[in-house]
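Inside the fold
Chain residues, written in single-letter form:
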Amino acid sequence: MGAPEFSRSKRKSQLERLGSIEYELLIIGGGITGAGIALDASSRGLKTALIEKTDYAYGTSSRSTKLIHGGLRYLKQLELGLVYEVGRERAIVHRNAPHLVLPERMLLPIVEGGTLQRFGTSLALMVYDLLAGVRKEERRVMLDSKKTAELEPLLRTDILKGGGLYYEYRTDDARLVIENIKTAIGYGAECLNYCSAGEFIYNEEGKVRGLHAVDELSGETLEIKAKQVVNAAGPWVDLLRKKDNSLQGKRLQLTKGVHLVVPYEKMPIAEALYFDRLEDGRMIFAIPRDGITYLGTTDTVYADSIESPECLAEDVEYLLDTVNSMFPSVGLTPDDVESSWAGLRPLIHEDGKSPSELSRKDELFESESGLISIAGGKLTGYRMMSKRVTDQVFKALDKSDPGCKTADIPLCGTAFKQQREIAELVERIFGESRQVEIPFDKIRSWVYRYGSLTEEIVAYAYQLQPTVKDARKRAILAELAFGIRHEQVCRLSDFFVRRSGMLYFQHPEVIHWKQDAIEFMAAELSLTEAECNEQMEQLEAELLSAIAFRGERVIN
Ligand code: FAD
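Quick look at the structure, then. (Residues numbered from 1 in each chain as written. Predicted model: local features only at pLDDT ≥ 70, side-chain atom pairs only at ≥ 80, totals over all residues. Heavy atoms only, no water.)

1. Some remarks on the packing of helix α12 (residues 440-450) against helix α13 (residues 454-464)
At a minimum axis distance of 9 Å, the contact between α12 and α13 shows a crossing angle of 135 degrees. Judged by the angle between their axes, α12 and α13 are oblique. Together, I443, W446, V447 and Y450 of α12 and T454, I457 and V458 of α13 make up the contact between the two elements. Taken together, the residues of the contact of α12 with α13 sort by class into 6 nonpolar, 1 polar and no charged. (Axes fitted to C-alpha atoms, helices over the stretch in contact; angles between N-to-C directions. Helix = DSSP H or I, 4+ residues; strand = E, 2+ residues; numbered from the N terminus. Parallel < 35°, antiparallel > 145°, perpendicular 65-115°, else oblique. Contact = heavy atoms within 4.5 Å. Nonpolar A, V, L, I, M, F, W, Y, C, P; charged D, E, K, R; others polar.)

The following block contains the structure:
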């Protein structure tokens, strides 16, 4: 499937359609849950619309640890059925986007005083391999302390007793969202960012039949009519339940999780690691990726503004102390932290439980007005959550249900039957695009983000060649052009934060290219000078926010 035309330049006609058609299903929220439902419902033939108040994946779905889990943590809680389901689910998500959901070998160090001990870890990983249906080549390997230290020389050795190797799957959460959205568009879904849901519209029997929405880019309002409305607003779910007067019984409990990014040279780990924090037994990830290492996460009760959770100095201290205690030669300080992100877990409140003890299971609420709300859950289980919601929508509509098809729907950009074809595509595109001088690493990172659609980005680089002589600038603008024309990039931060991930993983590059990028966007989308200034200010605020814990105030 090629890239759909999906651009802010088509916004006017999209708004006209949203204001004039009666949809069978209207989804509020363009995180992974809403995007997954949009794909499931549209591929089953429902006339579907989705609105997102900011940008796709703006909420929790761009701020996770970016792993598709196999369910190891559920084993600890003896939720065996869940391990079985999650392991199989992971295989499906990998199959449908093998360039975007990749196996990542993890080292679990076993240390004196840690929660994991040798026999227990070995047994747990063996049960996990069996229950989760782990592929033969990814099954657990147990190591003695010497082998573990050889594999990861930065680990402290005085308490090291051994290690276990197992696999998690790494992804890019925000890209998983946008690929679901783009695939849903291919099935006829109408998806619009920067469009927020306001008050609900009810019929005479008190049933929700649509809502008042605001176009956040123009300030104009519209009414969207729908037979069924789904609230997939993540941490904002309860605000919408409140608007519907149905916030009774179970409620959300938000917990904050922070991740830190340090340059790879500052923490040159050979393997991704999942290790014990000795003080409280919490598990922390350290993951090397594209020239950086990221660390996380914290898990603290949160009751502040949902819009802008921040990484605080105390979060940084917690994570750096943990890392420095397990990797003593590293000696990380807050000055080494290049970027950070903070996200909110929309969990279901349970009396007397600490953040880490709260279940990650999802729950569906259907109010008397017919509003369906979905809360809790994980990125990993998004397809199954979407299936449950869509099944429920069909029941509510009393419509014949052809059944869920998403297990067999490759996401946009997937044109691979085998893993080796991805590396072959990188080589081929690099070989064919020498004339536009895009570095091999850039092509490689594009293929693992955009899959086969990388060829369209390269085509834009050819188009730009006569006017943009600098090869690095050409590559950035070609990627941006693709984002504007095929991924509804409306604002500078949509591109730098969520489409390209550069604000988190290549912070200095954003500072370098932001001016060229806004000039290109202004020309592509006819932006006024005032809007360009406002967009630039917002991006600068986000750049600062990623390192705000240092107390810095100036971005050059
Ligand atoms: P969101 O992504 O928050 O989406 C909700 C959307 O609704 C937002 O974009 C918001 O702007 C929009 N919205 C809100 N109100 C309105 C309105 N009125 N009108 C229109 N739109 C609206 N899971 C994993 O499987 N693996 C991991 O490694 C992992 N790590 C995590 C690490 C952290 C620190 C956190 C916090 C979570 C992690 N999770 C992980 C969990 C996972 O990220 C979440 O479960 C998932 O992203 C939630 O997605 P969502 O779509 O429900 O919510």
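2. A short note on the pairing of strand β11 (residues 252-263)
Where burial is concerned, most of β11 is hidden: 12 out of the 12 residues are buried. Alternating positions in β11 separate into two faces, L252, L254, K256, V258, L260 and V262 on one and Q253, T255, G257, H259, V261 and P263 on the other, with burial throughout. With 10 bridges connecting them, β11 and strand β16 (residues 339-348) associate as antiparallel partners. Across the sheet, residue K256 finds its bridge partner in β16, namely L344. In the sheet, β11 pairs with strand β15 (residues 300-301) via 2 bridges, with the strands oriented antiparallel. Each bridged residue has a counterpart across the sheet, and for T255 the counterpart in β15 is V301. One ladder, built from 5 bridges, connects β11 with strand β14 (residues 292-296); its direction is antiparallel. Paired with L260 across the two strands is L295, which belongs to β14. (Buried < 20%, exposed > 50% of the residue type's maximum accessible area, 1.4 Å probe, protein only. Pairing = 2+ DSSP bridges.)

3. Re the site of the ligand
In the neighbourhood of the ligand, 37 residues make up the surrounding shell, with T33, E52, S61, L67 and T380 lying closest. The separation between an oxygen atom of the ligand and a polar main-chain atom of T60 is 2.9 Å. One of the side-chain N or O atoms of H69 is found 3.3 Å from a nitrogen atom in the ligand. For the ligand, the protein covers 97% of the area, taking 1000 Å² as the surface of the free molecule. Elements with a minimum of two residues in the shell around the ligand: α2 (32-43), β8 (195-202), β11 and β16. Class assignment of the residues belonging to the shell around the ligand gives a composition of 13 nonpolar, 18 polar and 6 charged. (Near = heavy atom within 4 Å. Polar contact = N/O pair within 3.5 Å; in protein donor to acceptor, adjacent residues only side chain to side chain. Areas by Shrake-Rupley, 256 points an atom, 1.4 Å probe, with all protein chains shown as cover.)

4. Some thoughts on the side chain of T65
Examined against the element boundaries, T65 turns out to sit in the loop between β2 (48-51) and β3 (67-68). Other than its neighbours up to four places away in sequence, T65 contacts H259, F285, I287, Y294 and T297.

5. Remarks on the environment of R11
Within the secondary structure, R11 sits in helix α1 (residues 11-20). Distance in space between the C-alpha atoms of R11 and P466 is 30 Å, their sequence separation being 455 residues. Not counting residues within four places of it along the chain, the set of residues in contact with R11 comprises L192, N193, Y194, C195, D215, E216, L217 and C490. Among the polar contacts made by the side chain of R11, one reaches the side chain of D215 at a distance of 2.8 Å.

6. Some thoughts on the nonpolar core
Ranked by size, the top nonpolar core spans 76 residues in total, and within it Y128, Y166, L480 and F496 carry the most contacts. What L480 contacts, discounting residues up to four positions off in sequence, is V489, F495, A517, F520 and M521. Within the second largest apolar cluster, 41 residues are counted, among which are L50, L176, C191 and V389. (Core = buried A, V, L, I, M, F, W, Y, C linked by side-chain atoms within 4.5 Å.)

7. A word on the pattern of salt bridges
With the rule as written, the count across this model stands at 46 salt bridges. As a salt-bridge pair, E190 and R17 come within 2.6 Å of each other at their nearest N and O atoms. Linking E190 in strand β7 (residues 190-192) with R17 in helix α1, this pair joins segments that are 173 residues apart in sequence. Note on E190: relative accessible area 9%, which makes it buried. Among the residues examined, R17 registers a relative accessible area of 35% and is labelled partly exposed. The closest approach of N and O atoms between R175 and E487, which form a salt bridge, is 2.5 Å. Taken together, the residues span a long stretch of sequence, with R175 in helix α7 (residues 173-186) and E487 in the loop between α14 (471-486) and α15 (492-499) at a distance of 312 residues. Residue classification places R175 among the buried residues on the basis of a relative accessible area of 0%. Among the charged side chains, a salt-bridge network with shared partners connects D40, R44, K387, D391 and D401. (Salt bridge = Lys/Arg side-chain N within 4 Å of Asp/Glu carboxyl O.)

8. Observations regarding the layout of surface pockets
Empty space within the second largest pocket amounts to approximately 840 Å³. Lining the second largest pocket are 31 residues; nearest its centre among them are D290, D441, R444, S445 and Y448. Breaking the lining of the second largest pocket down by element, the ones donating at least two residues are β4 (102-111), β13 (283-289), α12, α14, α16 (502-505) and α17 (507-525). If you tally residues by element for the lining of the second largest pocket, the top one is α12, at 7 residues. The residue makeup of the lining of the second largest pocket, split by class, is 12 nonpolar, 7 polar and 12 charged. (1 Å grid on protein atoms, 1.4 Å probe; cavity = no way out; pocket = protein on both sides within 12 Å on 5 of 7 lines; lining within 4 Å. Points joined across faces, edges and corners; volume = space filled by probe spheres on them.)

9. So, the pairing of strand β9 (residues 208-215)
Examined bridge by bridge, β8 and β9 share 6 bridges and lie antiparallel to one another. Opposite S196, over in β9, you have V214 as the bridge partner. Adjacent in sequence and paired antiparallel, β8 and β9 are bridged by 5 residues, among which G206 carries a positive phi angle near 80 degrees. Note that β9 and strand β10 (residues 221-231) share 5 bridges and pair antiparallel. In the strand pairing of β10, H212 is matched with E223.

10. Re empty space enclosed by the protein
Enumeration according to the criterion identifies 3 cavities of 30 Å³ or more in this entry. What the largest cavity holds in volume is close to 80 Å³. What lines the largest cavity is a set of 13 residues, and nearest its centre among them are L39, N180, Y382, R383 and T406. Only α2, α4 (80-96) and α10 (382-397) provide two or more residues apiece to the lining of the largest cavity. In terms of residue class, the lining of the largest cavity is built from 6 nonpolar, 5 polar and 2 charged.

11. Notes on the packing of aromatic side chains
This structure, assessed with the given rule, holds 13 aromatic pairs. Both rings, one in W341 and one in Y504, keep their centres 4.9 Å apart while their planes meet at 40 degrees; by these two values the pair is tilted. Residue W341 is found in strand β16, and its partner Y504 is found in helix α16; the two are separated by 163 residues along the sequence. Both residues of the pair, W341 and Y504, count as buried. Between the aromatic rings of F430 and F440, the centroid separation amounts to 5.2 Å while the plane-to-plane angle is 90 degrees, which identifies the pairing as edge-to-face. (Phe/Tyr/Trp six-rings, centres within 6.5 Å; stacked < 30°, edge-to-face > 60°.)

Nothing here speaks to function; it is all geometry.
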